[in-house]
Amino acid sequence: MRTAGVISVAIVAALFAAGQARLDAQPAVDPSLRIGASDLGGVVTGANGPEAGVWVIAETTDLPTKFAKIVVTDDRGRYVLPELPKASYSVWVRGYGLVDSPKVRTAPGKILNLTAVPARNAAAAADYYPAIYWYSMLRVPDKSEFPGTGPDGNGINPALASQEQWLDIVKTNGCNGCHSLGTRAMRTIPKELGAFTSSTEAWQRRIQSGQALTQMTTSLGRMGAPRALKLFADWTDRIAAGELPTSKPMRPQGVERNVVLTLWDWAGAKDYLHDEVSTDKRNPRLHANGPIFGATEESTDLFPVLDPVKHKVTQVRMLVRDPATPSSKQNPMLPSPFWGDERIWDSQTSMHNPMLDEKGRVWFTSRVGPAANPDFCKRGSEHPSAKLTPVESSNRHLSVYEPKTGKITLIRTCFPTHHLVFAEDANNTLWTSAGGPQSGVIGWLNRKMFDETGDEVRSQGWTALILDTNGNGKRDEDYVEPNQPVDPAKDKRIVAAFYGIGVNPNDGTIWGTVLGFPGYVIRLDPGSNPPATALAEVFEPPLPGYGPRGMDIDRRGVVWTPLSSGHMASFDRKKCRGPLNGPTATGKQCPEGWTLYPFPGPQLANVSETGSAEASYYTWVDQFDTFGLGRDVPMATGNLNESLLALVNGTFVNLRVPYPLGFYTKWMDGRIDDPGAGWKGKGLWATVSTRAPFHMEGGKGTTSKVVKFQLRPDPLAR
């Protein structure tokens, strides 16, 4: 990364020499700093004394894969880096208001006092701010400009009736859904892109770079390309002219200073990760100290496996059943400023989301063959689900990998898959979401039956989403179709599909989010014969909330989801006062069930509602206190805060990853390795999930990381 806060070579040399002199002098040790043979500790001081709430980073390349550990100083500037593997480390200080201190080479078992380096100006300091502070500078069209008047008017898509609809696209459900737009790589225009007559022209070319061309140009078109290009050009022009964010981040406070971060490289420079998994979501004590598995989506068919004990990474190739399965290598593209005309993605399987079961097997949503479904899925089939709801195509299916044997089993599903979750039932039912809302079905695999028979046809099922519009408490064979008006005497089918998915542990109902504006959460009660008896309820978030994405559910049955509006939302069905079925129960029937919590960070320019510029991708609930903040704590991916955002008693704890700049994840999970070991025996696991790891600090060559989050009782615990 090119850092604006670079200081002169002479100053660096002087500070380095001063640091070495202090080491040679063996400074007095604070008795509170208890350092073992595998620890590092000391005090960070600056021009005005101890530096509280800054990060101390130790990194090594001596292990089988690149490794780093990060802690935060306490209110007296003290730090302890615990349990470092034996190696030689580079250690330095990073913090708001500072630039990076000179790196000191050292080994564990020592007291290492460090000197912080103040930023010489506001621009140098801002270079270390999370992406949200830069992205919030984007000027949003005023509310009075909606509905849009098209390319011959104000350049905004006429289909957008409100500012909120435009924001839904420029945030979570469009522009920031695959990577962050606030990083240095995105808030500047690289010279390698080419020469242009204007920044608007440069942005038009920029969004056509690489193999995500179709997605990027589609999102821009949904907003109205003429106006969106001008706004992004204005944003980068103002930054190039020296404009800085109007607000500043706070240094870590309170419990945020107790966090220990551990990072491992685990992918190639051309690969990107979507998700990771460390344990069975239903029982996080399973697979203690075991490997972490990743899903590489469109980038490659090789998925990484990290052994966090030996710090070793291996890869496994996922298979397809049909060699004619299309690959992302065929995606249309123009050359990128990072990789030129090289097609860096090549994946037939499109592995999206992994889950571990109780036997240690890894289940993926992955592509098995081309989209056209086999006959048993279609009209005329005798399959119980196909008789009621035939499905012509599915773009992603299921696979399972057995680490002990290396065996891979492919399962062709009629329904499309995206995310997946195991139910806590006798059949270990594997429920899947479809991703985009257009599929109109939700599917599942009876895992018990599949394990016993290997019969993928009999073991799978799916259902349409039917509302109990006539209010008789059951699903009727006769219902109106989505394009038909509500008939109070009949049920109604809706075209929707789950994106995020969760199972209520109390009653076995299935919950999911539906993308779009304003979006929904849906409750599905499977009934005794799901293809024929499943009934759905839809609940729309009330303004100022809109745009749900990935969701989870707590042990009480409360649903948690991030919103494009810049909120985390909870929905508690038990709070609903009105009828949940009948002709009026089409989404707006329970505003009282919703609670909105504004995410931390600044709001986008020209937006007056609560919320922030945060474009959170997913919320996961720590049902079993695998981290240390308590049971049922919801945690959102802070994709622009470059963090995880834990909501504790109505207040967010911001678990920032300060290095490398640009942390962006799409999911997390928690594992308890040793319930008797206190904080050392548990932690959260996440991966860097940006589709463009080369946008992070370090640029081209930077790889995805596994990040482990642990919470000590205090900043000096070891």
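Whatever comes next refers back to the structure up there.
The structure reproduced in this document is the subject of the present report. (Residues numbered from 1 in each chain as written. Predicted model: local features only at pLDDT ≥ 70, side-chain atom pairs only at ≥ 80, totals over all residues. Heavy atoms only, no water.)

Of regular secondary structure, the chain possesses 12 helices and 41 strands. Computed over the C-alpha atoms, the radius of gyration of the chain is 26 Å, within 12% of the 27 Å expected from 2.2 N^0.38 for a compact globule of 718 residues. By principal-axis analysis of the C-alpha atoms, the chain measures approximately 85 × 60 × 55 Å. In the chain, which comprises 718 residues, the proportion classed as buried is 62%. A separation of at least 24 residues holds for 63% of the contacts in the chain among residues at least 6 apart in sequence. Averaging the positions of the 77 positive and the 73 negative side-chain charges in the chain gives two centres separated by 4 Å. (Helix = DSSP H or I, 4+ residues; strand = E, 2+ residues; numbered from the N terminus. Rg over C-alpha atoms; globule rule 2.2 N^0.38 Å. Buried < 20%, exposed > 50% of the residue type's maximum accessible area, 1.4 Å probe, protein only. Contact = heavy atoms within 4.5 Å. Lys, Arg positive; Asp, Glu negative; His and termini not counted. Charge placed at Lys NZ, Arg CZ, Asp CG, Glu CD.)

The next point concerns unusual backbone geometry. With an omega dihedral of 15 degrees, the bond running from L543 to P544 counts as a cis peptide bond. Within the secondary structure layout, P544 lies in the loop between β30 (535-539) and β31 (552-553). Each neighbour pair has its own omega, and for Y659 with P660 the value is -10 degrees, a cis peptide bond. Following the sequence through the fold, P660 ends up in the loop between β38 (651-656) and β39 (668-672). Even without being glycine, E642 reaches a positive phi, approximately 55 degrees. Turning to its location among the elements, E642 is positioned in the loop between β36 (633-638) and β37 (643-648). Its identity as a non-glycine residue notwithstanding, N649 has a phi of 55 degrees, on the positive side. Within the secondary structure, N649 sits in the loop between β37 and β38.

Residues Y135, W166, V170, F232 and F709 are the most contacted members of the largest nonpolar core, which totals 91 residues. Top element by residues in this core is helix α8 (residues 225-240). It accounts for seven residues. Discounting residues that sit within four places of it in the chain, V170 has contacts with Y135, L138, C175, N176, M223, F232 and L604. (Core = buried A, V, L, I, M, F, W, Y, C linked by side-chain atoms within 4.5 Å.)

On to the sheet that holds strand β33 (residues 567-571), then. Taken in spatial order, the four strands of this open sheet run β31-β32-β33-β34, and their pairing is antiparallel. A single partner strand is all that each edge strand has here, and the edge strands are β31 and β34 (594-598). As paired elements, strand β32 (residues 559-563) and β33 share five bridges and run antiparallel to each other. Bridging from a neighbouring strand, L563 pairs with H567 of β33. (Pairing = 2+ DSSP bridges.)

Moving on: the packing of helix α4 (residues 163-170) against helix α7 (residues 213-223). Interhelical geometry of α4 versus α7 gives an angle of 170 degrees and a closest axis separation of 9 Å. On the basis of the axis angle, α4 is roughly antiparallel to α7. From α4, W166, I169 and V170 reach across to α7, where they touch S219, R222 and M223. Residues that form the contact of α4 with α7 fall into these classes: four nonpolar, one polar and one charged. (Axes fitted to C-alpha atoms, helices over the stretch in contact; angles between N-to-C directions. Parallel < 35°, antiparallel > 145°, perpendicular 65-115°, else oblique. Nonpolar A, V, L, I, M, F, W, Y, C, P; charged D, E, K, R; others polar.)

Take the state of the cysteines next. Any covalent bond linking the sulfur atoms of two cysteines counts as a disulfide. Inspection of the entire model under this criterion finds two disulfides. The disulfide that involves C377 links it to C414, with 1.9 Å between the sulfurs. One disulfide, between C377 and C414, carries an S-S torsion of -75 degrees and so falls in the left-handed class. Separated by 37 residues along the polypeptide, C377 in the loop between β18 (362-366) and α9 (384-388) and C414 in the loop between β20 (407-411) and β21 (420-422) bring together distant segments of the chain. Here C377 and C414 have matching classes, each one buried. Residue pairing for C576: its cysteine sulfur links by disulfide to C590, the two sulfurs lying 2.1 Å apart. (Disulfide = S-S within 2.5 Å.)

Looking at the element boundaries, S564 is found in the loop between β32 and β33. In this view, S564 contacts D168, K171, T172, N173, Y546, G547 and E614; residues no more than four positions away in its chain are not counted.

This part is about the environment of P374. Mapped onto the elements, P374 comes out in the loop between β18 and α9. Each C-alpha atom of the pair P374 and A107 lies 60 Å from the other, and the pair is 267 residues apart in sequence.

What follows deals with α7. All buried positions along α7 are accounted for by L213, S219, L220 and M223. Seen end-on, α7 carries its buried residues on one side only, within an arc spanning 145 degrees. Lining the buried residues of α7 we find α4 and α8. Two residues or fewer past α7, G224 is found with a positive phi of approximately 110 degrees. (Arc of directions from axis to C-beta.)

For the structure on display, the rule yields 28 aromatic pairs. Centre to centre, the rings of Y129 and Y133 are 6.0 Å apart; their planes meet at 65 degrees, and the pair counts as edge-to-face. Here Y129 falls in the buried class, since its relative accessible area comes to 9%. Grouping aromatic residues by their ring pairs yields a cluster made of W55, Y96, Y129 and Y133. Directly above the aromatic system of W92 lies the positively charged group of K103, at a separation of 4.2 Å from the ring centroid. If you follow R206 out to its NZ or CZ, it ends over the ring of W203, 4.6 Å from the centre. (Phe/Tyr/Trp six-rings, centres within 6.5 Å; stacked < 30°, edge-to-face > 60°. Lys NZ or Arg CZ within 6 Å of the ring centre and 35° of its normal.)

Let's shift gears to the pairing of strand β26 (residues 491-494). Sheet topology note: the strand β24 (residues 460-467)/β26 ladder contains three bridges and is antiparallel. Counterpart to L465 in the pairing with β26 is I494. Pairing of strand β25 (residues 479-480) with β26, which is carried by two bridges, proceeds in the parallel orientation. What sits directly across from Y479, in β26, is D491.

Right, let's get into helix α6 (residues 199-206). Within α6 the residues assigned to the buried category are S199, A202, W203, R205 and R206. The arc that holds the buried residues of α6, viewed along the axis, is 160 degrees, so those residues lie on one side. Those residues of α6 hidden inside the fold are in contact with α5 (184-187), α7 and α8.

What follows is about the pattern of salt bridges. Using the criterion set out here, one finds 46 salt bridges in the structure. For E456, the salt bridge identified is with R321, shortest N-O distance 3.0 Å. Of the two residues, E456 is situated in helix α11 (residues 456-459) and R321 in the loop between β16 (312-317) and β17 (354-356); the sequence distance between them amounts to 135 residues. We classify R321 as partly exposed; its relative accessible area is 43%. Taken together, the salt bridges that share partners define one network made up of D280, R282, D357, E358, K359, R361, R447 and D451. (Salt bridge = Lys/Arg side-chain N within 4 Å of Asp/Glu carboxyl O.)

Moving on, we get to the sheet that holds β37. Taking strand neighbours across the sheet as the criterion, the four strands line up as β35-β36-β37-β38 in an open arrangement whose pairing is antiparallel. Of all the strands in the sheet, the pair left with one neighbour each is β35 (619-622) and β38. Pairs of neighbouring strands in the sheet enclose a mean axial angle of 30 degrees, with direction left out of account. As defined by bridge partners, β36 adjoins β37 across four bridges and the pair is classed as antiparallel. Its bridge partner lying in β37, M635 is registered against A646.

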